[in-house]
Amino acid sequence: MSGTFDRTLSTTDVMRRRASLLQRMHIDGVLLLLLLLLAAGSLFVLYSAGGKNWDLLIKQATSYGVGLGAMLVIAQFEPRLMARWVPLGYLAVVALLVAVEFVGYTAMGATRWINIPGVIRFQPSEFMKIIMPMTIAWYLSGRALPPGIKHTMVSLGLILTPFVLILKQPDLGTALLVLVSGAFVLFIAGLKWRWILSAIAALVPVAVGMWYFVLHNYQKQRVLTFLDPESDPLGTGWNIIQSKAAIGSGGVFGKGWLLGTQSHLDFLPESHTDFIIAVLAEEFGLVGVCLLLFVYMLLIARGLVITTQAQTLFGKLLAGALTMTFFVYVFINIGMVSGLLPVVGVPLPFISFGGTSLVTLLSGFGVLMSIHTHRKWIAQV
């Protein structure tokens, strides 16, 4: 009996030491485990979705390595130190977005990248997904809450400046995510409901104005295709029709890994990027999709726990906005692939192939880790 008690005590001791080590390294063990699960799942599905392309797999693994490294480095910085550099970071990314207008790299009809030949090609708008909520959280954390009309208008100005620049590239999906990430900070800060309802009501004339004066023809066509994909089944409706066919054909348990017909016979376009969940649904069925959604749910739940436990206003606003924006990423991608939303070019977080977007997402979770693991230190200062 005594031996059993000693073994139990020893196991508890080991677990405490491990937890203490993670805390000293400013790593949240739950977040790290869930992210590593998604990394493994991404490489597994991408091998099939990319047609067994090892180059694609190596690039994704490299992006994960860079992203995880960035996440661990960012987690070491105390949130208040981050807050000091936020204004400079915001101005730097806005400057890069302006630079895209003049020296940007054009591909597939869009100018979204900055290309340094032989060194790197990156998408500045991806960085704004992280900088935007940090900027609004920094600005509002030093003001009385809920925000009044003056501080709300300043916040909207900070949000709309990069929104317009990204919209001109054109990149509607990223522009909307940047808008949402900033808006979530205002919402968490206690923005008055009458202003929120007024903003929702204003969306109707704004949407009409965007339709006639802002949206490009291909973006308008995406909306029309969303409303009636069968109107052009061999043209603009092809993607969503094939996507829904792939999802439905997977059934409950799927056809099996590498056995998906829609992707392997090239019926499903962009199968390794925006439409990768259709590949997962076809090969692993409803069970595979539910497992992925369960991991996403755990990530979001952990983010909300970190939000509630944050000990500074900046930390609460930022953690809540990052978590809810991540939820919107997942919701938009799954919604557009299943035909519930128009296609706006938003990848599936941590699963779709992508470099800058993957590094940016992991950096965001590094910020969450920092907020959580520095909370006791903050309390003592």
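Residues numbered from 1 in each chain as written. Predicted model: local features only at pLDDT ≥ 70, side-chain atom pairs only at ≥ 80, totals over all residues. Heavy atoms only, no water.

Focus on the side chain of Ser271
Link 1 in the chain: Residue placement: Ser271 occurs in the loop between helix 11 (261-264) and helix 12 (276-309).
Link 2 in the chain: On the accessibility criterion, Ser271 (8% relative accessible area) is buried.
Link 3 in the chain: Within the local environment of Ser271, its side chain forms a polar contact with the backbone oxygen of Ala49, the two atoms lying 3.0 Å apart.
Link 4 in the chain: In contact with Ser271, other than residues within four places in its own chain, are Ala49, Ser263, Ile276 and Val279. (Helix = DSSP H or I, 4+ residues; strand = E, 2+ residues; numbered from the N terminus. Buried < 20%, exposed > 50% of the residue type's maximum accessible area, 1.4 Å probe, protein only. Polar contact = N/O pair within 3.5 Å; in protein donor to acceptor, adjacent residues only side chain to side chain. Contact = heavy atoms within 4.5 Å.)

Looking at helix 12
At 3.6 residues per turn, the α-helix brings residues three or four places apart onto the same side.
Link 1 in the chain: In this model, helix 12 (34 residues) spans only 34 Å end to end at C-alpha, well below the 50 Å of a helix rising 1.5 Å per residue.
Link 2 in the chain: Phe284 marks where helix 12 bends most, by close to 125°. (Expected span 1.5 Å × (residues − 1). Bend = angle between axes of the 7 residues up to and from the residue.)

Let's talk about the UniProt feature "transmembrane region" (unreviewed entry) in the protein chain
Link 1 in the chain: The positions UniProt marks with the feature "transmembrane region" (unreviewed entry) are residues 25-49, 61-77, 89-108, 172-189, 196-214, 284-305, 317-344 and 350-371.
Link 2 in the chain: As annotated, residues 317-344 has a helix share of 75% and a strand share of 0%, and its two end C-alpha atoms lie 27 Å apart. (UniProt positions renumbered as here; feature names shortened; annotations may be inferred.)

With respect to unusual backbone geometry
Link 1 in the chain: The residue after Leu145, namely Pro146, is reached through a cis peptide bond having omega 0°.
Link 2 in the chain: Cis geometry marks the peptide bond from Gln169 to Pro170, where omega comes out at -5°.
Link 3 in the chain: As for its position among the elements, Pro170 is in the loop between helix 6 (149-167) and helix 7 (172-188).
Link 4 in the chain: Unlike most non-glycine residues, His26 shows phi in positive territory, near 60°.
Link 5 in the chain: For His26, the location among the structural elements is in the loop between helix 1 (2-24) and helix 2 (29-49).

Some thoughts on the environment of Val73
Link 1 in the chain: Mapped onto the elements of the fold, Val73 is located in helix 3 (residues 54-75).
Link 2 in the chain: Residue classification places Val73 among the partly exposed positions, given a relative accessible area of 48%.
Link 3 in the chain: Along the backbone, Val73 and Met25 are 48 residues apart, and their C-alpha atoms lie at a distance of 9.8 Å.

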